[in-house]
Amino acid sequence: MKLRQLSIPCLAAGLLLAAASSQAQKALRYEVQIQRTSFGIPHIRAANWGSMGYGYGYAFAQDNVCVLARELLAASGTQSRWFGSASVNADRVYKMVNSTARTDAAWLALDRETRDLLTGYAAGYNRFLRDRGVAQLPADCRNQPWVQPITGKDAMKVLRKLLVRASTGNLVNQLVAAVPPAAQPSAAGPAAAEPAQRAEAPAEALAADLPNFDVERFGSNAVALGGDLTGGAGALLGNPHFPWFGIERFYAVHMTIPGVYDVMGASIYGFPLVNFGFNKDIAWTHTVSTARRFVLRELTIVPASPTSYLYDGQVVAMTPETVTVEVLQPDGVTVLPSTHTFWMTQFGPVLLPAGAATPWTTTRAWALTDVNLENLRAFRQYREMGTARNMAEFASILRTQAGLPWVNTIAVDSAGDAYYADIGAMPHATNAKLAACTKAGPSTTVLAPARLYALDGSTSACDLGTDADSPIPGVFGASSMPSLTRRDYVQNSNDSYWLSNPAAPLTGFSRIIGADEGLPQGLRTRLGIQQIADRQAGVDGLPGGTAFNRQWLQDVLYGNRHYSAEIMLDGVLGLCASQNPIVTIGGQPVSVTEACNVLATWDRRNNVGSVGAHVWTEFWRRLSGTASAGLPALTAATLYAVPFNPASPATTPRNLNSSNANVIARVMGELAYTAKFFADNGIPLTRPWGAVQFDVRNGVSYPIHGGSGPSGVYNAIVPGPLVPNVGYTPIGGGSSYIQAVSFAGGLPVARAVVTYSQSTDPANPNFANMTQLYANYGWVSLPFTDEQIRADASSRPIRLTE
């Protein structure tokens, strides 16, 4: 074989390319240190974003590799391949959301630092898989073929799924249910979707799920104390209520790139940046926002062509987008394809927004515009938030990017400013546009009452608007979204912006952002405001008199007050004393004497030793909800003796209307149903709360304080259904990563706890240790400086290079 000779110029060029390649390898080399401190919290130090991602990916995989591996399947639409048809609708939607074309476009649109971070994150995860070996992984994913190396784009898919959690992610069944009226059900191979997979979600289910994800599992409390109350630096309480299972948990972490980024706090699983946290000057947290992150468009369908619609008098054809999902069959071996076609419009995919109540007909359909679907600003925004040195810088970052996906922001700084904002990705639909562009019919009668806003899709006059400061077309700019800076306090507990501080109510914003101005507030919101008022009056019973500081924030959360009992129990006890204790329900006489006696001696808190908390929780669930069989329905106007007053929204409505015959019948009846419920399930009425509500880790039972958010417990905990003869266990959600932060001597002073602990691996030493700490009302002192970290080190540092 004859060898081709290289010219000198070619040889020189080759050497230059080789040298450039060598330099590039050196530039891309990952080098990072991971130091664990008490309770397994990793402190990750790197010189650049790629290495930071590498260290984070490795540390997180050490603790939660199986959860992330499973979520990677969900984000790519491949769960059904390994786990069967239960997730087939979600797989269809995320195959569409994270299609190759959309993923590639999003990746190219990311800033370089974010791409480096995600690429490094994937490399660190992969390094852990190589170091540990699939055969040595935790039992949940040991030797599973679905545990595979990943890329930065795969990591981005997880984040894109997270961003649409409050929009597309809540509308999975509604999207899959949208089939043209002349078409057959979704085409599928032999693995055709069972009828249940195509079932339409009822309108009431959608309406109940959307405002704050669901009634209790997603929410949050936050209080930011300003210098006028603390006498100096700000102090912050962050108390997000999120699931205790799956990908939507939080991971405590400290991330440092010297001179660039030094932030501690927590990130939601799969997001390699601090989402809730602090640096030496700023502390922030989030609460789930009332704002809608999507809008619907009501389409005028062309009768002769149900996959075409009219726009400004022109016929526009929809574009079919077909996805194929592989589905493992019940035999556990066979895998068959299942296809589904989404119909795309210029506004987004067609859906049945309220199920059968909003069908796709030959004259009308609805499309979804999700402004988070291509929201790439959130990644950069979180990185920049961590670099702010004062509240002015922090607020400027929020206002410039306006990319937060579905949360309010509550923050303090070391100078004593307290800040609230609901600034993020929201469709630009003013109240005027909502009024002018909502057509008569289902959009008005079915969707609007559930805050599902549908604009006329037949005219460009109803397209989304743009502000002068909008970061992209079609979304509100910060000038149209609520924010407030105070020197006393701001707070939020998942109602809207309105009463962030009752002394300075925020009003006049689009109903897209919030629709409760001048309306009754949730019990957690009212308790949050009341706790501050009680402290100012010196009547809260907590140590320190009238002083506001970080310790008070810790104490007030763990105080576990039960606000519905504070405003209503006295009236119930009055009826207990005046009414016949034998109540007939369902033809059966039931005594309420013991229930009344237990409630009379209950401390009106949800502490582990509180006796009566479960009795009131069940009773209030029944009294404030749908009437039990044979009992009269009540409106708020009937139930409360003092009606709601917009001039006193934090203290009304209140007190039981105990002179009303229907109220008397309902209260006594629900007491009887409550007593019977626990008797039938083998739970004594005198059992302490911590023996009723608990979590079991590796065979050890941990009593869990806190309770029902809708019932007015600030420290919200959501258990699973009652297990007969056992109690409420396991815990499903509620308080998760809790932080209380202040500043002293130019440094943050922080206490925190991850209620479900750092690791999901039962064999990991950090699987239950913070759960035990929480059960005992404890806190972790978070080490921030190098000296504090060295003093609290729980093991030798790990140094990784690649």
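Look up: the structure comes first, before these words.
Cut-offs and rules
Residues numbered from 1 in each chain as written. Predicted model: local features only at pLDDT ≥ 70, side-chain atom pairs only at ≥ 80, totals over all residues. Heavy atoms only, no water. Helix = DSSP H or I, 4+ residues; strand = E, 2+ residues; numbered from the N terminus. Buried < 20%, exposed > 50% of the residue type's maximum accessible area, 1.4 Å probe, protein only. Arc of directions from axis to C-beta. Contact = heavy atoms within 4.5 Å. Pairing = 2+ DSSP bridges. Axes fitted to C-alpha atoms, helices over the stretch in contact; angles between N-to-C directions. Disulfide = S-S within 2.5 Å.

### Looking at unusual backbone geometry
And then number 1: Here the amide bond leading from threonine 652 into proline 653 is cis, since omega sits at -5 degrees, within 30 degrees of zero.
And then number 2: Assignment of secondary structure puts proline 653 in the loop between β23 (640-642) and β24 (654-656).
And then number 3: The amide bond that connects threonine 729 to the next residue, proline 730, takes the cis arrangement and shows omega of -5 degrees.
And then number 4: Along the chain, proline 730 falls in the loop between β29 (727-728) and β30 (731-735).
And then number 5: The phi angle at phenylalanine 39 is positive, at roughly 65 degrees, despite the residue not being glycine.
And then number 6: Positionally, phenylalanine 39 belongs in the loop between β1 (31-37) and β2 (41-46).

### Here we look at helix α5 (residues 100-109)
And then number 1: If you check which residues of α5 are buried, you get Arg102, Thr103, Ala106 and Trp107. Taken down its axis, α5 places every buried residue within 130 degrees of arc, on the same side. In this structure, α5 carries Thr100, Ala101, Leu108 and Ala109 as exposed residues pointing more than 90 degrees from its buried face.
And then number 2: Looking at the packing, one finds that the buried side of α5 touches α4 (88-97), α6 (112-132), α7 (152-163), β12 (319-328) and β13 (335-344).

### A word on the sheet that holds strand β7 (residues 276-278)
And then number 1: Sheet architecture is open: ten strands sit in the order β19-β17-β16-β8-β7-β6-β5-β2-β1-β34, paired in mixed fashion. Edge strands, defined here as strands with exactly one partner in the open sheet, are β19 (483-486) and β34 (798-801). Taken pair by pair, the neighbouring strands of this sheet meet at an average axis angle of 20 degrees, ignoring direction.
And then number 2: Where β1 meets β34, four bridges bridge the pair, whose relative direction is antiparallel. Bridging from a neighbouring strand, valine 32 pairs with leucine 800 of β34.
And then number 3: Helix α2 (residues 49-76) contacts β1, β2, β5 (250-257), β6 (261-268) and β34 of the sheet and is inclined by roughly 155 degrees relative to β5.

### Re the state of the cysteines
And then number 1: Overall, the coordinates contain three disulfides when judged by the stated rule.
And then number 2: Paired through a disulfide, cysteine 66 and cysteine 141 show a sulfur-sulfur distance of 2.1 Å. In this structure the cystine formed by cysteine 66 and cysteine 141 twists about its S-S bond by roughly -70 degrees; its chirality is therefore left-handed. Of this pair, cysteine 66 sits in helix α2 while cysteine 141 sits in the loop between α6 and α7, placing them 75 residues apart in sequence.
And then number 3: For cysteine 437, the disulfide goes to cysteine 462, at an S-S distance of 2.1 Å. Taking the torsion about the sulfur-sulfur bond, which here is approximately -90 degrees, the covalent link between cysteine 437 and cysteine 462 counts as left-handed. In this pair, cysteine 437 sits in helix α13 (residues 431-437) while cysteine 462 sits in the loop between β18 (454-456) and β19, placing the two residues 25 residues apart along the sequence.
And then number 4: For cysteine 437, a relative accessible area of 7% puts it in the buried group.
And then number 5: Cysteine pairing for the chain (bonded cysteines numbered in sequence order): 1-2, 3-4, 5-6.

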